[in-house]
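# Structural features, examined
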Amino acid sequence: MTNSRRFHLLRHADISGVSGTGIVADGVLWPDGTASLRWRGERPSTVHWDRIADAEAVHGHGGATEIVWTDYDLPTTDYASAWTELTGYVQEAVDDGGTITPADLLAYMTELRGQALAPAREWMRRMTGEGAGA
């Protein structure tokens, strides 16, 4: 993970009788895997955990409380590799003394763009609930 991600704790049943139900805390999962949790309510406090799994083990109460992600890990688009591949394609044609028609160049650029954007398209399908074939 390269970016921090926000979440909240959604409590379905108040096992301890202290926090109530609904959103009881807000948190951040940091890129190094540690987590910060800020409790809501009459006695707010902030707690830091070395691992989010530990926070869930202590506060999850066997499923009575769940972690709900507010932010999603966004996919990266690798335009640098596409550019390297495109320049290699053109250089190979030059070295071989061949030519590339504008139509062939446009088709190849479209293919490379599709490859570079594939992770973002798949992420959007998952977020909107569409099937992989959509």
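See above for the structure.
The paragraphs below set out a description of the structure included in this document. As the structure is a computational prediction, the values presented were derived from the model and not from experiment.

How each quantity is defined
Residues numbered from 1 in each chain as written. Predicted model: local features only at pLDDT ≥ 70, side-chain atom pairs only at ≥ 80, totals over all residues. Heavy atoms only, no water. Phe/Tyr/Trp six-rings, centres within 6.5 Å; stacked < 30°, edge-to-face > 60°. Helix = DSSP H or I, 4+ residues; strand = E, 2+ residues; numbered from the N terminus. Buried < 20%, exposed > 50% of the residue type's maximum accessible area, 1.4 Å probe, protein only. Expected span 1.5 Å × (residues − 1). Arc of directions from axis to C-beta.

### With respect to the packing of aromatic side chains
Considering all chains together, one arrives at two aromatic pairs under this definition. Between Phe7 and Trp69, the ring centres sit 5.4 Å apart and the planes meet at 65 degrees, which makes this aromatic pair edge-to-face. Here the residue Phe7 occupies a position in strand 1 (residues 5–11), and Trp69 occupies one in strand 5 (residues 65–69), the gap between them amounting to 62 residues. Residue classification places Phe7 among the buried positions, given a relative accessible area of 4%. The exposure class of Trp69 is partly exposed, given its relative accessible area of 26%. With a centroid separation of 4.1 Å and 25 degrees between ring planes, the pair formed by Tyr89 and Tyr108 is classed as stacked. Highlighted residues: Tyr89 in helix 2 (residues 79–95) and Tyr108 in helix 3 (residues 102–128), separated in sequence by 19 residues. A residue is classified by how much of its surface remains accessible, and Tyr89, at 28% relative accessible area, is partly exposed.

### Quick look at helix 2
Spanning 17 residues, helix 2 covers 24 Å between terminal C-alpha atoms, matching the ideal 24 Å at 1.5 Å per step. For helix 2, every residue scored as buried is listed here: Ala82, Leu86 and Ala93. All buried residues of helix 2 fall inside an arc of 35 degrees around its axis, so they share one side. What points out from helix 2, more than 90 degrees from its buried face, is the exposed set Ala80, Thr84, Glu92, Val94 and Asp95. The positive-phi residue at the C-terminal boundary of helix 2 is Gly97, with phi of around 75 degrees.

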